[in-house]
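# Working through the structure, step by step
What follows is each chain in one-letter form.
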Amino acid sequence: LQTMSGNEDDWLALKPQEPSPSQCCGSGCKPCIYDVYEKELAQWERAKAKQDKSLLMEKKEQSNNSELNPDTFTAFNISSVEQLTEDTYQYKFELPGNSSLQLSLGQHIVLRGVVNGLEVQRAYTPISPGNAEGYFEVLMKCYEAGLMSQYIKTWKKGDTVFWRGPFGGFPYRPNKYGELLMLASGTGLAPMLPILQSITDDEEDETFVTLVGCFRTFDKIYLKPLLQDLARYWNVRIFYVLSQETSLENLPWSYQENTYIARLDEDLMKTIINSCRRKPFVLICGSSAFNEDMNRYLKAAGIEENSCFVF
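Source: prediction; values computed, not measured.

This chain's UniProt record puts "binding site: FAD" (unreviewed entry) on Arg-122, Tyr-124, Leu-139, Lys-141, Met-148 and Ser-149. A maximum C-alpha distance of 13.7 Å among these annotated residues, which run over 28 residues, shows that they cluster at one spot. Lining residues of the largest pocket, restricted to the annotated ones just named, are Arg-122, Tyr-124, Leu-139, Lys-141, Met-148 and Ser-149. Tracing the backbone shows Met-148 in helix α4 (residues 147–152).

Attention shifts here to the UniProt feature "domain: FAD-binding FR-type" (unreviewed entry) in the chain. The sites that carry the UniProt feature "domain: FAD-binding FR-type" (unreviewed entry) are, in the present numbering, residues 71–173. Secondary structure within residues 71–173 divides into 6% helix and 48% strand; the distance between the first and last C-alpha atoms comes to 27 Å.

By the definition in use, this model includes 22 aromatic pairs. Their ring planes at 75 degrees and their centres at 5.7 Å tell us that Phe-208 and Trp-234 sit as a pair that is edge-to-face. Placement of the pair is Phe-208 in strand β8 (residues 208–215) and Trp-234 in the loop between α6 (224–230) and β9 (236–242), with a sequence separation of 26 residues. Residue classification places Phe-208 among the buried positions, given a relative accessible area of 13%. Plain terms: the ring middles of Phe-239 and Tyr-260 are 5.8 Å apart, the flat faces sit at 55 degrees to each other, and that makes the pair tilted. Linking Phe-239 in strand β9 with Tyr-260 in strand β10 (residues 259–261), this pair joins segments that are 21 residues apart in sequence.

Here we come to the layout of surface pockets. Summary: where empty space remains is shown by rolling a probe the size of a single water molecule over the atoms. For the largest pocket, the calculated volume is near 1500 Å³. Around the largest pocket sit 49 residues that line it, and Tyr-143, Ser-185, Thr-187, Gly-286 and Ser-287 are the ones nearest its centre. Listed by contribution, the elements that provide at least two residues to the lining of the largest pocket are β4 (118–124), β5 (135–141), α4, β8, α9 (288–300) and β12 (308–310). Here the residues of the lining of the largest pocket are counted per class, giving 25 nonpolar, 17 polar and 7 charged. Mapping the lining of the largest pocket onto the domain boundaries places at least three of its residues in each of domain 1 (19–54 + 71–166) and domain 2 (179–310).

It is worth spelling out the sheet that holds β4 at this point. Read across the open sheet, the 6 strands follow the order β4-β3-β6-β1-β2-β5; overall the sheet is antiparallel. Of all strands in the sheet, those bounded by a partner on one side alone are β4 and β5. Along the sheet, successive strands turn relative to each other by an average axial angle of 40 degrees, direction set aside. As paired strands, strand β3 (residues 108–115) and β4 are joined by 7 bridges and run antiparallel to one another. Considered in β4, the bridge of Gly-113 is made with Val-120.

Now for the side chain of Gln-121. As for its position among the elements, Gln-121 is in strand β4. A polar atom in the side chain of Gln-121 sits 3.2 Å from the side chain of Glu-119.

In sheet architecture, strand pairing relies on hydrogen bonds along the backbone and comes in two forms, parallel and antiparallel. Sheet architecture is open: 6 strands sit in the order β10-β9-β8-β7-β11-β12, paired in parallel fashion. The open sheet has two edge strands, β10 and β12, and neither has a second partner. Between one strand axis and the next, the sheet turns through 15 degrees on average, direction left out of account. Pairing of β8 with β9 involves 7 bridges; the strand directions are parallel. In the strand pairing of β9, Val-209 is matched with Val-236. On top of the sheet, helix α8 (residues 266–275) reaches β7 (179–185), β8, β9 and β10; it is set at about 170 degrees to β9, its chief contact. Taken strand by strand, α9 contacts β7, β8, β11 (280–285) and β12, and its axis lies near 160 degrees from that of β11.

Scoring rules and cut-offs
- Residues numbered from 1 in each chain as written.
- Predicted model: local features only at pLDDT ≥ 70, side-chain atom pairs only at ≥ 80, totals over all residues.
- Heavy atoms only, no water.
- UniProt positions renumbered as here; feature names shortened; annotations may be inferred.
- 1 Å grid on protein atoms, 1.4 Å probe; cavity = no way out; pocket = protein on both sides within 12 Å on 5 of 7 lines; lining within 4 Å.
- Helix = DSSP H or I, 4+ residues; strand = E, 2+ residues; numbered from the N terminus.
- Phe/Tyr/Trp six-rings, centres within 6.5 Å; stacked < 30°, edge-to-face > 60°.
- Buried < 20%, exposed > 50% of the residue type's maximum accessible area, 1.4 Å probe, protein only.
- Points joined across faces, edges and corners; volume = space filled by probe spheres on them.
- Nonpolar A, V, L, I, M, F, W, Y, C, P; charged D, E, K, R; others polar.
- Domains from an automatic or database assignment.
- Pairing = 2+ DSSP bridges.
- Axes fitted to C-alpha atoms, helices over the stretch in contact; angles between N-to-C directions.
- Polar contact = N/O pair within 3.5 Å; in protein donor to acceptor, adjacent residues only side chain to side chain.
- Contact = heavy atoms within 4.5 Å.

Next comes the structure, spelled out in structure tokens:
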């Protein structure tokens, strides 16, 4: 009898833990953390019924081969940390050899962190090209009170963090759209960059792109050198909408003609859409309030819902 109850305890210790709401990133991932839990629970129940612990081993093996996987968290090492603005950082992660993440355009990956004993998960979109070899880069904003931000702020070069994915994405095909209008608020720039770079890298792709980056002030614009490089392409225009700057004269002259000191409202949206060279297909990424506002302004400007994609 003694061995039986000891055995029971062993099995209980191996039972998967049900996720708490904080662990779900809310991005509609397939599989969601809850789907993964259901799958692991079923696996545990099968193994327990057969009293065979080796049936639990398969999920352990996946997580050490440094390959991204939607079902299992995989460890990646941080190779560099760069502070971009007062609250935004760019992190570079190592990939083994010259392998690449092989993400489709605009796909996101999910980070797992533990803060005060609570597991948290959040979705982020890598900004490096999907075919970048040996590394990937993620842009992250740290919020004063954010749970995940408390964890991210402790990172330094050489640390190991856990990711799974990829999920979502925008099914882009070269020359499918006449013009893409990208509306990005803050770190909402992230899913736009791989799409924009895939267009500028492909000489056959003649899609026009108008990127509208919404930031509070000039100092808050991320990745200025990269954006300035992209804006040199014949088919790319980049506008900045700065809601808390006081005057265009405070900006470098090279930014003055393509910057609006304003909020992106219905009137400005109409102005931008009227300046598009073809009827645009619109990509939107920002906070949920930003996304709702943009949808409303686009509707007022006559852009149908089936001509929009929200990340």
